Amino acid sequence: MATTEQLTDVQATLSFSVNGRVVSITASPLARLSSILREELGLTGTKVGCDAGDCGACTVLLDGEPVCACLVATAQAQGCEVTTVEGLAQRGPLYDKLQKSFLMHGAAQCGACTPGMLVAATALLERNQKPTENEVMDTLGGVLCRCTGYRKIIAAVLEVNDGVTGQKTPEVGHAVGDRLIRLDGQPKVNGTEIYGADEVPAGALVLRAVRCPFHRARFRFGDLEAYALQNPGIVTILTAKDIPGENRYGVISKFADQPVFAVEEARFRGEAVAAVVGEYEAMGKLDLANFPVSWKKLPSLMSLEEALAPGAVRVHNNREENVLVRGRVVRGDVDKALAEADVTAEAEYETGFVEHACIEPEAGFARRVGDTIEIQACTQSPYMDRSDIARILGIPPEAVRIIPTAVGGGFGTKLDLSVQPFLALASWHLDQSVRMVYSRTESMVSTTKRHPASMRLKAGANRDGKIVALDFHADFNTGAYSSWGPTVAARVPVHASGPYYVPHYRALTRAVHTHLVPAGAFRGFGVPQTAMAQEQLYDELADRLQMDRLEFRILNALDNGTPTVTGQVLGEGVGIRACLEALRPRWLAARQEAAEFNRNATGSFRRGVGVAGMWYGCGNTSLPNPSTMRIGLKPDGRISLHQGAIDIGQGSATVVTQICADALGCPIDRFDLVSGDTSITPDCGKTSASRQTFVSGKAAYMAGQALRREILRRAGACECANVSFQDGRLEVQDGSRQHKIVLSNLSTDHHGYVLTAEATFDPPTQPLDDNGQGVPYAVFGFGAHLAEVEVDIELGTVKVLKITASHDVGRAINPTLIEGQIEGGVAQGIGMALMEEFFPGKGENLHDYLIPSAGDIPPVESILIEDQSPIGPFGAKGIGEQAVISTAPAVLNALHDAIGIRVRKIPATPDRVREAILQAGIPGAQRG
Ligand code: FES
Ligand code: FES
């Protein structure tokens with residue numbers, strides 16, 4: 001929420017034009033224009049991602065020029081014309097073309113950046129109808145996107161005048177494989193999509209959390225009542241003693257350990273200890289620095305080494321050696337195999353925290369309705385939220401309704417609770433609506449991060465180039481609370497071999513507590529960190545064997561029928577060899593081009609090419625993971641799909657409907673989506689681990705087929721009969737016989753449907769034994785990336801020139817959406833490899849924490865391999881997590897290929913690269 005009111009109590013009447021309408025408001029002249037647009041004028045298409053001029057989400061036109069509305073004092077708008085995304089249509093037909101182009105290109109994923117992008121692009125196109133790619137990239141450079149990797153946005157702007165006409169509905173039975181425009185796309189390009197902060201009940205109170213400023217501290221409250229009295233407008237102050245149920249939550253119940261409010265001791269900087277609830281104006285002015293709490297800073301564990309040191313203080317008394325959980329997969333005799341190997345290579349790698357940096361900060365509101373609580377907020381996991389809120393309030397889960405809003409980027413962090421418990425508690429006690437929006441800093445200090453990892457590994461191979469063994473040890477810094485630490489520790493040992501046959505294998509992991517922000521789920525659950533180490537080590541092994549690095553991987557690639565490191569034998573759908581082979585033409589050409597460039601290099605630039613493979617098990621590791629879909633036929637002949645799979649921008653709402661339409665044999669434009677809401681959609685599990693296309697898609701496939709069977713049964717027709725869906729009736733053609741079902745003649749059920757079907761799919765897995773042997777996943781996705789880079793040996797900078805990404809997706813249900821996932825994953829992978837590291841206590845904003853902008857992302861060529869899974873719907877596998885895994889190791893291998901250095905602590909920032917260059921004594925690296 002806006003806090004600019006703190007700056008001054010002076011009010012003024014200000015007049016300016018907004019989207020062609022003159023408005024007159026009384027407000028502080030210093031109030032942020034973004035706040036006035038959203039709060040006073042209800043123009044929530046203008047998003048607020050940082051309130052500091054860093055993200056560009058709030059971009060509007062001020063007298064035709066793009067500006068960050070969060071940096072414009074409202075007085076500066078006096079007498080000006082302001083255009084927000086809602087008003088772009090008035091500027092002429094260009095905007096309609098731009099919207100269509102965005103939709104056709106898949107340029108809006110979560111959509112949180114989309115209004116800012118559209119406004120910035122409109123300003124450019126109004127003065128230059130044919131901009132160059134560089135001009136587009138320059139214009140969009142001020143607006144950050146965390147989902148798309150920018151390439152589709154750039155293409156949408158460049159090709160806006162190329163006669164984009166809109167969507168052609170696919171033929172019946174051909175929705176799967178179609179580049180269908182996302183079904184939830186229009187509100188994203190209209191600026192009318194509702195995110196967590198965009199809808200507020202009239203008169204809702206505002207909640208602000210009081211958070212610990214130290215990494216670890218004991219605390220005592222002063223006179224809370226007096227504080228409330230001194231600050232008119234405060235309605236209540238909440239602390240742990242106000243929690244009617246358990247002051248504890250966590251995504252994995254067995255390990256749930258995080259309090260809503262800390263009691264006596266806070267275990268990380270940013271942990272909440274209390275919440276203040278009050279009226280909007282008063283809360284905007286409230287200075288929480290005066291909140292009556294005294295802190296006693298305590299010594300804190302700031303690293304894995306400190307946490308694991310003998311005698312270290314325990315973060316949680318019941319967790320010995322600060323180890324939350326251990327993971328283990330062991331197969332064969334790794335020590336013997338390494339001792340007998342013809343060549344070995346070993347290495348140690350370290351990675352840091354990575355921030356999700358969703359453009360939409362966490363937000364929502366809650367209201368009490370009788371004996372139930374309703375929470376409308378951004379989330380990736382409504383049913384898990386429901387369970388935890390019920391536990392906190394001490395009420396049955398059925399008394400909690402979670403209404404997910406659109407999610408402005410998740411990537412794993414919105415699997416954990418954020419605003420929800422505070423809102424639920426306040427609203428429950430006050431019987432009033434309460435809202436909360438995290439500031440960017442609050443989001444960065446308190447929400448989960450990617451786990452920092454410390455990895456040690458050794459691999460061996462024989463002269464014939466076959467890998468014989470891998471020994472892998474990794475510790476993951478899971479921070480102060482468990483979050484997804486157990487999942488990372490369990491998933492990594494299964495994946496640390498990479499997608500190769502490794503007969504002798506040992507992978508041991510630990511998730512270790514420190515006094516730092518909890519690490520949780522972030523695209524890949526630890527596998528991206530692991531791949532950075534294992535794929536660089538395999539390059540070293542190939543080099544020792546004097547083998548081509550790509551051919552080494554092809555030689556060792558898993559095949560159908562080859563046992564994995566858990567002894568699982570995938571009979572079909574092992575597409576890694578095809579992924580690697582698809583890269584061969586570009587690999588050979590790029591290697592030649594780089595060698596040529598380096599031969600002729602006279603300045604400080606050197607080029608290199610790197611490759612890395614990946615695999616990723618879709619869904620939970622050896623745990624139940626069901627999704628349930630409900631489908632209903634209405635008397636008017638339209639179909640409702642109750643799909644609770646939360647679309648966080650990846651496109652699951654569209655993909656799941658494409659699958660269901662073809663399974664039912666119905667045109668996709670007959671579908672109405674009923675999206676995630678725990679009161680009206682069955683449980684589709686959480687949006688994580690690349691499971692929605694595979695698991696929820698399979699449930700939709702089964703529900704579609706079940707409804708078709710029911711229709712055929714009613715018509716007494718055979719399985720091969722053709723069903724035609726018409727307004728108010730069905731026509732069933734069974735050979736020469738035709739049946740007509742008039743839908744209004746059928747009775748309706750309590751949902752209002754004349755026919756309905758529901759189906760649940762739970763992927764078949766088996767538990768892992770003590771050595772991690774078993775069937776952890778029913779389906780794996782495979783992929784490989786090829787990176788071409790240019791290194792400046794004087795500055796230590798690395799520029800990625802091109803990424804070629806091949807992915808085995810089983811069946812490409814929607815190629816445009818898959819490419820969007822790949823390009824977005826590549827962008828996050830480049831960030832991980834070269835620039836992103838979060839230091840708790842430092843740079844907790846998007847100015848100091850850098851994520852890739854449009855200028856950082858090279859062309860990405862996606863190659864889709866369709867080696868169908870025997871289990872997935874129409875053979876489909878997942879792609880969301882897979883997309884990020886190979887980029888960073890491919891870039892780091894390319895860096896080594898260019899100049900022969902390995903950076904052991906990642907990201908390979910210019911200072912680290914430069915240091916490694918100087919240590920290696922690379923000729924020409926000394927500045928002239
Ligand atoms: S909200 Fe204005 S730049 Fe981020
Ligand atoms: S689509 Fe750009 S931030 Fe999500």
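Up top is the structure these notes are about.
Predicted model, so just to flag it, every value in this text is computed and none were measured.

Asks: Whenever I open this one, the overall build of the protein confuses me. Can you help?
Replies: Of regular secondary structure, the protein possesses 23 helices and 32 strands. Computed over C-alpha atoms, the radius of gyration of the protein comes to 28 Å, within 12% of the 30 Å expected from 2.2 N^0.38 for 928 residues, which places it in the range of a compact globule. C-alpha extents for the protein along the principal axes are approximately 85 × 80 × 60 Å. A total of 928 residues make up the protein; the buried ones form 64% of that total. Within the protein, residue pairs in contact and separated by at least 24 positions form 77% of the contacts whose partners lie at least 6 positions apart. Surface accessibility of the protein: about 32000 Å² in total, with carbon and sulfur atoms responsible for 48%.

Asks: Explanation requested: helix 17 (residues 576-599) in the structure shown.
Replies: Residues three or four positions apart in an α-helix share a direction because the helix packs 3.6 residues into each turn. For helix 17, with 24 residues, the first-to-last C-alpha span of 33 Å sits near the 34 Å given by 1.5 Å per residue. The largest bend along helix 17 measures about 40° and falls at R584, with the proline P585 one to four residues further on. Listed as buried for helix 17 are I576, C579, L580, L583, W587, A590 and A594. For helix 17, the secondary structure elements touched by its buried residues are helix 16 (549-556), strand 21 (605-617), strand 29 (780-792), strand 30 (797-808) and strand 31 (860-865).

Asks: Before we go on, may I ask you to explain the sheet that holds strand 2 (residues 21-27) in this structure?
Replies: For sheets, the rule is that strands pair by backbone hydrogen bonds, running either parallel or antiparallel. The five strands are arranged 2-1-5-3-4 in an open sheet whose pairing can be described as mixed. Every other strand in the sheet has two partners, leaving strand 2 and strand 4 (65-68) as the edge strands with one partner each. Ignoring which end each strand starts from, the neighbouring axes of this sheet average 40° apart. Across two bridges, strand 3 (residues 59-62) lies against strand 5 (residues 81-83) in antiparallel orientation. Residue pairing in the sheet places L61 in a bridge with T83 of strand 5.

Asks: Hey, could you run me through the state of the cysteines in this one?
Replies: As used here, a disulfide is simply a covalent bond connecting the sulfur atoms of two cysteines. For the structure shown, the criterion picks out zero disulfides. We note that C660 lacks a disulfide partner, and the nearest cysteine sulfur, in C666, lies 8.4 Å from it.

What counts as what
- Residues numbered from 1 in each chain as written.
- Chains lettered and ligands numbered in written order.
- Predicted model: local features only at pLDDT ≥ 70, side-chain atom pairs only at ≥ 80, totals over all residues.
- Heavy atoms only, no water.
- Helix = DSSP H or I, 4+ residues; strand = E, 2+ residues; numbered from the N terminus.
- Rg over C-alpha atoms; globule rule 2.2 N^0.38 Å.
- Buried < 20%, exposed > 50% of the residue type's maximum accessible area, 1.4 Å probe, protein only.
- Contact = heavy atoms within 4.5 Å.
- Areas by Shrake-Rupley, 256 points an atom, 1.4 Å probe, with all protein chains shown as cover.
- Expected span 1.5 Å × (residues − 1).
- Bend = angle between axes of the 7 residues up to and from the residue.
- Pairing = 2+ DSSP bridges.
- Axes fitted to C-alpha atoms, helices over the stretch in contact; angles between N-to-C directions.
- Disulfide = S-S within 2.5 Å.

Honestly, it's all geometry; don't read function into it.
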